[in-house]
Amino acid sequence: MPRLPGFVSQASRASLRAASTATSSIPHSASPSFADELDPKSILADKDLSTIARAIGCSADDLTAFPNPTVPAGGEPLITARQLTMPAAMRPPFLDWRVQMKPASLKSKKFRNTYLSPIGLDGAFREALEILGKDRDTKYVQVLKLQSKVDAIKAQFGVLETNEITDIKARSEAYLIEVKIEKLRILAELSNPEVIAQFERGRADMQFPVYRYLARKKWEQIPRAQLVDRLENMHVIPDTMPYIKPTVDLRVRFPGPTAYWFDPGRILSTAVTAQVPEFQINTFEDKTSRYTIVIVDPDTPDFANDSYKSTLHYILSDIEIHGNKPDVDTEASTVVVPYLPPHPEKNSGIHRYAVWLFEQPDGERLAIRQRGSKEIDNSKLLDRDEFDIRLFRSAYGLKAVGAHLWRNKYDSQTEAVREKFGLGQGTVWSRARIQHY
Amino acid sequence: MSLHQLSSMFWRRSQTIISRTAFQSAAVSRIPQPLHNFEVSGVKFTHGSLEVTRGKRTKSGGSSPQKIRLVNMLSLIGRVRKAPYRLKLSYEDLLRHRTIHRAWQLVKRQERESRNTELMTQYQKIQVACDELEKASPELFAQAMDKPKSLRFPPEYRIPTETPPNVSWDSSWKKATLPQVK
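Residues numbered from 1 in each chain as written. Chains lettered and ligands numbered in written order. Predicted model: local features only at pLDDT ≥ 70, side-chain atom pairs only at ≥ 80, totals over all residues. Heavy atoms only, no water.

## Observations regarding the overall build of chain A
The number of helices and strands found in chain A is 16 helices and 8 strands. The proportion of buried residues among the 437 residues of chain A is 45%. In chain A, 71% of the contacts between residues at least 6 apart in sequence involve partners at least 24 apart. Here chain A displays about 23700 Å² of accessible surface, and carbon together with sulfur accounts for 52% of that area. (Helix = DSSP H or I, 4+ residues; strand = E, 2+ residues; numbered from the N terminus. Buried < 20%, exposed > 50% of the residue type's maximum accessible area, 1.4 Å probe, protein only. Contact = heavy atoms within 4.5 Å. Areas by Shrake-Rupley, 256 points an atom, 1.4 Å probe, with all protein chains shown as cover.)

Written out as structure tokens, the structure reads:
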């Protein structure tokens, strides 16, 4: 369901159509400037929305999925793309610019009826829409131009996808053009007030690049900075893994009636963490790839060496994530090492449980990838008691892209958890008095 | 509450305001405030804060001229009511306002960019012309490239303009002569 409204003007639709016809008939090497080809007569004749749909990046059926109620049956529709992209039921009345009405965002009836807009705002806004709409249309014309270039390259090699192109040079060229197209699509919609309104009201549709971009920016503002701050201040970096700049938003929660996506670093009850956690992975990209989640506890006391060691709690691999669907399906993924509930021993302090998210190489299934001459000790790779996450990462050729963290300590529920999962009696640590002679 | 107490209160308050503005968000030692709430002639003092009630009748209340003067002075110092009211825009109008701002920014950017490209092409044309001159006549080129070594700023320098002057050449112009020092 497309929720990308538009204010594509009639003139722009003609320009888009001109662009598509020009590109289909003339080879792209001799592409003319499309601004010269604007014919005002074709504006009225234009009823084809497929070009607009192609420029925006959705199908024409999506645009026409919701009939426009203002058009009578059998009548000649004087349509705009915006009207079509927004079904009447979904169209928020506060965004219907043509109708002068009281703002719906004011909940109180008294305020709503006495509210007055600043004088001249409406006229200036209409003018602004026109200016922004023109800019947006030029960007979409550029998109169509570049799209035809990519299509020509694909047709040359007889493939449908960019990564199927055999020639490296042509593939990289096509890839760079596609990156440019994505950027243009973001820029084209970034000033669209309806897009901003939809995003701010939480109605973002992640299939469109502009919403992905806005979501990523929002995540980078505070949540990512907070995550990196907690990881560094609590020394998860470098105690478990070296520094990374997260590119993927990993969210964790524990199931239950009060399940919530908690902030990194929270101290949770052992009763809560006894359940297998649920994950969400927001990649902010329109791609499909596989991920691995590893949970380690670097605070297990190592009495023999007078130090601490890492304990492996969970490995979930082959998590397939498509761009628009962030939820992790545990049943469709592979549980390499089943979940071990945290059960800190008494007086062993607060334990950190670092959740690391790795991207599997080339979107393939998890497999050992020998690198260099150094032999990997396979018996140590998945050992719960002596787990080395850096060794694990390098052995499987993984790339760390995201992280999360929670903390546990010995509490009133720990013994019950130990009993329930048969974890035995834990050591009770105590300070020994050292005699100095 | 005597006038003396009130004036000392006023002094403390002004000190607090000055210290707050002087070290914004820095550690400001709070001056202890009186414990009881009290009200004098339109000025309501509460524990640790101050509120000036404007528009309240002060004349018929039997207030002394000193008190009225003090209230006026306080109203000048108080910064809270000095700021103009914040514009109350509904979400829709705020969004319109933001859109207008973005469009304005876009227009300004387009102006700037077109101007920059124009200047760039002009500069490139100058470069090409100079290269041509160098090929045609190295002597003339050397003369054209010659920079005046005088440290004095030439008074006959014209302010650069975007368009050529209406009178293209002033043939009656003569170099300014400095008055001779005797």
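Structure's up, so let's keep going.
## A look at the overall build of chain B
Helices and strands together make up the secondary structure of chain B, namely 4 helices and 3 strands. Reading chain B from its N end, one meets helices and strands in the order α-β-β-β-α-α-α. Within the span of chain B, comprising 182 residues, buried residues form 18% of the whole. Contacts spanning at least 24 positions in sequence make up 42% of the contacts within chain B whose residues lie at least 6 apart. Carbon and sulfur atoms form 57% of the exposed surface of chain B, whose accessible area is close to 15900 Å².

## Some points on the pairing of strand β5 (residues 307–321) of chain A
Residue and element names in this part refer to chain A. For β5, the buried fraction is high: 11 of the 15 residues fall into the buried class. Two strands pair when backbone bridges link them, and strand β4 (residues 289–302) and β5 are joined in this way by 11 bridges, in the antiparallel orientation. Each residue of the ladder has a partner; that of I295, found in β5, is Y314. Note: β5 against strand β6 (residues 334–337), 3 bridges, orientation antiparallel. For S317, the partnering residue across the bridge sits in β6 and is T334. (Pairing = 2+ DSSP bridges.)

## Structural notes on the interface of chain A and chain B
Across the contact, 26 residues belong to chain A and 17 residues belong to chain B. Linking chain A to chain B there are 1 salt bridge. The interface formed by chain A and chain B contains 6 residue pairs in polar contact (both at pLDDT 80 or more). For the side of chain A that touches chain B, the secondary-structure elements that each account for two or more residues are α7 (121–157) and α9 (193–200) of chain A. Per-element accounting of the side of chain A that touches chain B gives the leading share, 9 residues, to α7(A). Class assignment of the residues belonging to the side of chain A that touches chain B gives a composition of 19 nonpolar, 3 polar and 4 charged. (Salt bridge = Lys/Arg side-chain N within 4 Å of Asp/Glu carboxyl O. Polar contact = N/O pair within 3.5 Å; in protein donor to acceptor, adjacent residues only side chain to side chain. Nonpolar A, V, L, I, M, F, W, Y, C, P; charged D, E, K, R; others polar.)

## Some words on the packing of helix α3 (residues 91–136) of chain B against helix α4 (residues 138–145) of chain B
Residue and element names in this part refer to chain B. For the pair α3 and α4, interaxial distance at closest approach is 5 Å and the crossing angle is 135°. Compared by their axis directions, α3 and α4 come out oblique. Contacts between α3 and α4 involve C130, L133, E134 and A136 from the first element and P138, L140, F141, A144 and M145 from the second. (Axes fitted to C-alpha atoms, helices over the stretch in contact; angles between N-to-C directions. Parallel < 35°, antiparallel > 145°, perpendicular 65-115°, else oblique.)

## Re the sheet that holds strand β8 (residues 399–408) of chain A
All names here are of chain A. What the 6 strands build is an open sheet, ordered β2-β8-β7-β4-β5-β6; its pairing is mixed. The open sheet has two edge strands, β2 (266–267) and β6, and neither has a second partner. Relative to β8, strand β7 (residues 351–359) is paired through 9 bridges, and the arrangement is antiparallel. Counterpart to F358 in the pairing with β8 is A400.

## Comments concerning the layout of surface pockets
Rolling a probe over the atoms, with the probe sized like a water molecule, indicates the empty space that remains. All names here are of chain A. In this model, the largest pocket occupies a volume close to 1400 Å³. As for the largest pocket, its lining consists of 33 residues, and the residues nearest its centre are Y175, E178, V179, E182 and D286. Within the residue set of the lining of the largest pocket, elements represented by two or more residues are α3 (50–56), α7, α8 (168–189) and α10 (209–221). The element contributing the most residues to the lining of the largest pocket is α8, with 8 residues. Its residues placed into classes, the lining of the largest pocket shows 11 nonpolar, 7 polar and 15 charged. (1 Å grid on protein atoms, 1.4 Å probe; cavity = no way out; pocket = protein on both sides within 12 Å on 5 of 7 lines; lining within 4 Å. Points joined across faces, edges and corners; volume = space filled by probe spheres on them.)

## Considering the environment of L133(B)
Residue and element names in this part refer to chain B. Here L133 shows up in helix α3. For the pair L133 and A144, spaced 11 residues apart in the sequence, the C-alpha separation amounts to 9.2 Å. Residues in contact with L133, not counting those within four places in the same chain, are P138, L140, F141 and A144.

## Section: a nonpolar patch on the surface
Residues and elements named next belong to chain A. On the surface, Y175, L176 and V179 cluster together into a nonpolar patch covering about 320 Å² of accessible area. With respect to the helices, strands and loops of the structure, Y175 is situated in helix α8. Classification of Y175 as exposed rests on a relative accessible area of 52%. (Patch = residues over 30% accessible without salt bridge, like charges linked within 9 Å, V, L, I, M, F, W, Y side chains within 5 Å.)

## A short note on the side chain of T270(A)
Residue and element names in this part refer to chain A. One can find T270 in helix α13 (residues 270–273). One polar contact links T270 to T414, side chain to side chain, over a distance of 3.4 Å. Other than its neighbours up to four places away in sequence, T270 contacts P342, P344, N408, K409, D411, Q413, T414 and V417.

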